[in-house]
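Structure assessment
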Amino acid sequence: MPNRLFQGIINQMREAVDRTIGVVDDQGNVIACSELSLIGEIRKGVITAGVFNAKQTCVDDMTYTTFDASIRPEYAVFVDGTDEISRRYSQLIAVSLDQIKQNNDEKFDCSNFVKNVILDNILPGDIYIKARELHFNNDATRVIFLVRTEANTEISVFDIIQNFFPDKTKDFVININETDIALIKEVRPNVESKDLEKLARSICDTLHSEFYLNALIGIGTCVTGVKELAHSFKEAQVALEVGKVFDTEKNIVSYENLGIARLIYQLPTTLCDMFLKEVFKKGSIEALDQETLFTIQKFFENNLNVSETSRKLFVHRNTLVYRLEKIKKLTGLDLREFDDAIVFKVALMVNKYLASSPIKY
């Protein structure tokens, strides 16, 4: 692609520049030239003279100016002559070709395309047209991991994750903002949720053990088709935000495992407030101290089993019964009754949701 692109521009410049002009790659091959007979020529002097180690060099009565230097220059413009005019021509042409190549790379770059898809920056009708242009595999199953770290770290988390997944034809690593990085991972169609969480765990552990970075990862659902990637990305965002409210001790949250928390997160706050007023006696939820809330948590964890909970809390069975009676007097709900326990559990989650300031997507 660069060869044809450069040759087209050189052809247009031929009339305006009264000298032989062209482009060589980093192996010394002439890939475009105003003198068509020179295309394909190998210039070994370009390599031995170290043209690609400097911005501008004169070799064999030619002026060379390198460009496309994201890491190391891959191309150099050459202009016949070594005078001031040749140097200026060379610089101007290099700047022009560099900008044109950047625009072209962006147009045909799969990562940029995927980023536009997940951020809804491309019209739905254009997605499949662009996918065909880029030969993007639309039948593959993919899932999005949203990795969140603290801002302003000295280490490039983007580079670290990209090194984890070097196959840029299947996996895409995209910067979303200063804290969030999206990994679009191609997976097998029948991949299990536990395998996705295992992969997320390995990313978190590596970032923490090798680079001392704490990361949170939200996992969307597996989707097939490029258009559905936006849904997986939004689910990964929701997973992180819901986890921040309801599962603060977890650093990996899967959208598929959010359960009732996902439903509560989507409810209007006015409806949640009405629910709490109907369920609890006025001021009763505020009257629950940390010890009582901890007792309730353990009671739920042990499936409403009084004997097992008292054993885990290292308290006498009668002590636990006394605490449950106290909760019943305060709230009007008997946690030993299944229906009351469900209502209480949901009410606590709703109260936690209202106490937070979740970001809706």
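It should be emphasised that the depicted structure is a prediction, and the values quoted were computed from it without experimental measurement.

On to unusual backbone geometry. A positive phi angle, close to 50 degrees, is found at aspartate 60, a residue other than glycine. Along the chain, aspartate 60 falls in the loop between strand E3 (56-59) and strand E4 (62-67). The phi dihedral of asparagine 303 is positive, around 55 degrees, even though this residue is not glycine. Position of asparagine 303 among the secondary structure elements: in the loop between helix H11 (290-301) and helix H12 (306-313).

Spatial strand order, E2-E1-E5-E4-E3: five strands in an open sheet with antiparallel pairing. What marks the edges here is a single partner per strand, and that holds for strand E2 (30-33) and E3. For this sheet, the mean inter-axis angle between neighbouring strands, taken without regard to orientation, is 25 degrees. Relative to E4, E3 runs antiparallel, the two being bridged by four bridges.

On to the layout of surface pockets, then. One number sums up the size of the largest pocket: a volume of about 680 Å³. In terms of lining, the largest pocket is formed by 16 residues, of which the most central are Phe246, Gln297, Lys345, Leu348 and Lys352. Put simply, the parts of the chain that give the lining of the largest pocket at least two residues each are H11 and helix H14 (338-355). In terms of residues, the lining of the largest pocket owes the most to one element, H11, which gives seven residues. Split into classes, the residues belonging to the lining of the largest pocket amount to eight nonpolar, three polar and five charged.

Here we take up the pairing of E2. Pairing between strand E1 (residues 21-25) and E2: three bridges, direction antiparallel. Looking at the pairing, glycine 22 lines up with cysteine 33 of E2.

Turning to the nonpolar core, a few remarks are in order. Grouped together as the largest cluster of nonpolar side chains are 34 residues, with contacts concentrated most on Phe246, Phe280, Leu335 and Phe344. Only helix H8 (229-246), helix H9 (260-265), helix H10 (269-279), H11, H12, helix H13 (317-331) and H14 provide two or more residues apiece to this core. Sorting elements by how many residues they give to this core places H14 first, with seven residues. Those residues in contact with phenylalanine 246 that lie beyond four places of it in its chain are Ala261, Ile264, Met349, Lys352 and Tyr353. Among the nonpolar cores identified, the runner-up in size contains 23 residues, and Val147, Val187, Val191 and Leu196 belong to it.

Within the secondary structure layout, threonine 63 lies in strand E4. Among the polar contacts made by the side chain of threonine 63, one reaches the main-chain carbonyl oxygen of glycine 81 at a distance of 2.6 Å. Ignoring any residue separated from it by four or fewer positions in sequence, one finds threonine 63 in contact with Gln56, Thr57, Cys58, Val77, Phe78, Val79, Gly81, Thr82, Ser86, Arg87 and Ser90.

Our next topic: the packing of aromatic side chains. Counted by the stated rule, this structure contains 10 aromatic pairs. Ring plane angle 65 degrees and centroid distance 6.1 Å describe the contact between tyrosine 265 and tyrosine 353, whose orientation is recorded as edge-to-face. Taken together, the positions of tyrosine 265 in helix H9 and tyrosine 353 in helix H14 put the pair 88 residues apart, joining distant regions of the chain. Owing to a relative accessible area of 2%, tyrosine 353 belongs among the buried residues under this scheme. Aromatic rings pair up to connect Phe6, Phe67 and Tyr75 into one cluster. Here the basic side chain of arginine 43 rests over the ring of phenylalanine 78, its NZ or CZ set 4.2 Å away from the ring centre. Directly above the ring of tyrosine 255 sits arginine 262, whose terminal nitrogen or CZ lies 4.3 Å from the centroid.

This brings us to the environment of threonine 269. Structurally, threonine 269 can be placed in helix H10. Of the residues examined, threonine 269 reaches a relative accessible area of 46% and is grouped as partly exposed. Taking the C-alpha atoms as reference, threonine 269 lies 46 Å from aspartate 105; in sequence the two are 164 residues apart. Filtering out sequence-adjacent residues up to four positions away, threonine 269 remains in contact with Tyr353 and Leu354.

All chains considered together, the criterion is met by 22 salt bridges. Here arginine 87 ties to glutamate 84 by a salt bridge, and the two come within 2.8 Å at their closest N and O atoms. One end of the pair, arginine 87, and the other, glutamate 84, are both in helix H3 (residues 84-107), three residues apart, so they sit about a helical turn from each other. Here arginine 188 makes a salt bridge to aspartate 195, at a shortest N to O gap of 3.1 Å.

Criteria and thresholds
- Just so you know, the residues in each chain are numbered from 1, in the order the chain's sequence is written.
- Where totals are concerned, whole chains, interfaces and linings use all residues; where local detail is concerned, this predicted model gives features only for residues with pLDDT of at least 70, and gives and counts side-chain atom pairs only at 80 or more.
- Side-chain descriptors were evaluated using all non-hydrogen atoms of the structure, hydrogens and water having been removed beforehand.
- Runs of E in the DSSP output that reach at least two residues are strands. Runs of H or I that reach at least four are helices, and both are numbered from the N terminus.
- The pairing criterion for strands is at least two bridges between them, as found by DSSP.
- Every axis in this analysis is a line fitted to C-alpha atoms, fitted for helices over the stretch in contact. Angles between the N-to-C directions lie between 0 and 180 degrees.
- The method works on a 1 Å grid over the protein atoms by themselves. A cavity is a set of points holding a 1.4 Å probe that cannot get out, a pocket is an open set with protein on both sides within 12 Å along at least five of seven lines, and residues with an atom within 4 Å of a point line them.
- Grid points are joined across faces, edges and corners, and a volume is the space filled by probe spheres set on the points.
- Gly falls in the polar group here, along with every residue not listed as nonpolar (Ala, Val, Leu, Ile, Met, Phe, Trp, Tyr, Cys, Pro) or charged (Asp, Glu, Lys, Arg).
- Residues belong to one nonpolar core when they are buried, are Ala, Val, Leu, Ile, Met, Phe, Trp, Tyr or Cys, and are joined through side-chain atoms within 4.5 Å.
- Partly exposed describes any residue whose relative accessible area lies between the buried limit of under 20% and the exposed limit of over 50%, with all areas from a 1.4 Å probe on protein chains only and scaled to the type maximum.
- Residue contacts are defined here by distance: any two heavy atoms, one from each residue, within 4.5 Å place the two residues in contact.
- Between N or O atoms, a polar contact is any pair within 3.5 Å; within protein, one atom must be a potential hydrogen donor and the other a potential acceptor, and residues adjacent in sequence are included only when both atoms are from side chains.
- Side-chain rings of Phe, Tyr and Trp, where Trp is taken by its six-membered ring, are said to pair if the distance between their centres is within 6.5 Å; with planes under 30 degrees apart they count as stacked, over 60 as edge-to-face, and otherwise as tilted.
- Criterion for a charge above a ring: Arg CZ or Lys NZ at most 6 Å from the ring centre, at most 35 degrees from the ring normal.
- Any Lys or Arg side-chain nitrogen found within 4 Å of a carboxyl oxygen on Asp or Glu counts as a salt bridge.

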